[in-house]
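Structural overview for review
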Amino acid sequence: MDKILDIDNIDLKIISLLNEDAKTPYTEIAKKVFVSSGTVHVRMKKLEDMGIVKSATLNIDFSKLGYDISAFLGIYLEKSSLYDTVIEKLKTISEVVSAYYTTGNYSIFAKIICRDTNHLRLVLDNIQKVEGIDRTETLIVLEESINRPIQFFDKEK
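Each chain carries its own residue numbering, running from 1 in the direction its sequence is written. In keeping with the predicted nature of the model, local features appear solely for residues at pLDDT of at least 70, side-chain atom pairs appear and are counted solely at 80 or more, and the whole-chain, interface and lining totals rest on all residues. Based on all heavy atoms of the structure, the side-chain values leave hydrogens and waters out of the count.

**Digging into the packing of aromatic side chains**
- In this analysis, rings of Phe, Tyr and Trp, with Trp reduced to its six-membered ring, are considered paired at centre separations within 6.5 Å, and the interplanar angle assigns stacked below 30 degrees, edge-to-face beyond 60, and tilted for intermediate values. Here the structure, examined in full by the defined rule, presents 4 aromatic pairs.
- With 5.5 Å between their ring centres and 5° between their planes, Phe 72 and Phe 109 make a pair best called stacked. With a gap of 37 residues between them, Phe 72 in strand 1 (residues 69-77) and Phe 109 in strand 3 (residues 108-114) connect regions that are remote in the sequence.
- Judged by its relative accessible area of 25%, Phe 109 falls in the partly exposed class.
- One aromatic cluster is present, built from ring pairs that chain together Phe 72, Tyr 76, Tyr 106 and Phe 109.
- For a Lys NZ or an Arg CZ to count as sitting over a ring, it must be within 6 Å of the ring centre and within 35 degrees of the ring normal. For Arg 135, the ring lying beneath its charged end belongs to Tyr 76, and the centroid distance is 3.8 Å. Only DSSP runs of H or I with at least four residues qualify as helices, and only runs of E with at least two residues qualify as strands; both kinds are numbered from the N terminus onward. Any residue under 20% of the maximum accessible area for its type is buried, any over 50% is exposed, and the rest in between are partly exposed; the area is computed with a 1.4 Å probe on protein chains only.

Dropping the structure here:
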């Protein structure tokens, strides 16, 4: 936690701008933050070394690639001690795009992306065969209304 103290408002502004669009050139960020592009580069290297910035990702519309079904899967484990084993198996199923160890009803909450309902059924059958999973509940996404990064600064300030 001590490394958090090494973060200042310029770092947070850089993170916010790249969080909106990871492809933004450092020169453009530098103009908006009122520093040199070299400073942005050095600060990004520091943020990466600190483990704050892990990678840059793309925001993909999977439906345009033929993957029309997004679903969340609540997973009940037979025993919580099986979490590590189950997660390792889930990592091998490419349609599982994220998974979280949670409190509440489910031990694991996962997001899966499939081409269609037949593909979803096959993926669910595969997941339900994983040793250590007691049962699952599936919630099919009808619409993604919000998908945004956290904002560190109010844009009007």
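**With respect to the layout of surface pockets**
- One number sums up the size of the largest pocket: a volume of about 1,600 Å³.
- Computed over the protein atoms alone on a 1 Å grid, cavities are sets of points where a 1.4 Å probe fits but cannot get out and pockets are open sets with protein on both sides within 12 Å along at least five of seven lines; a residue lines them when it has an atom within 4 Å of a point. If you trace the largest pocket, you find 45 residues lining it, with Asn 19, Thr 57, Leu 58, Asn 59 and Asn 147 closest to the centre.
- Among the secondary structure elements, those contributing two or more residues to the lining of the largest pocket are helix 1 (9-20), helix 3 (37-49), strand 1, strand 2 (96-101) and strand 3.
- Here the lining of the largest pocket gets 5 residues from one element, more than from any other, and that element is helix 1.
- In this count, Pro and Cys sit with the nonpolar residues alongside Ala, Val, Leu, Ile, Met, Phe, Trp and Tyr, while Asp, Glu, Lys and Arg are called charged and the others, Gly among them, polar. Per-class residue counts for the lining of the largest pocket are 25 nonpolar, 9 polar and 11 charged.
- A domain-level breakdown of the lining of the largest pocket finds at least three residues from each of domain 1 (9-50) and domain 2 (62-141). Grid points are joined across faces, edges and corners, and a volume is the space filled by probe spheres set on the points. Those domain boundaries reflect an automatic or database domain assignment.

**Some details on the pairing of strand 1**
- Burial runs high along strand 1: 7 of the 9 residues are buried.
- Across 7 bridges, the pairing between strand 1 and strand 4 (residues 133-140) is antiparallel. Note on strand 4: the bridge partner recorded for Leu 73 is Thr 138. Being paired, for any two strands, means DSSP has found at least two bridges between them.

**A few points about the environment of Ile 140**
- Secondary-structure assignment places Ile 140 in strand 4.
- Given the relative accessible area of 46%, Ile 140 is considered partly exposed.
- Placed 71 residues apart in sequence, Ile 140 and Ile 69 show a C-alpha to C-alpha distance of 7.2 Å.
- Any two residues whose heavy atoms approach within 4.5 Å are treated as being in contact. In this view, Ile 140 contacts Ile 69, Ser 70, Ala 71 and Leu 120; residues no more than four positions away in its chain are not counted.

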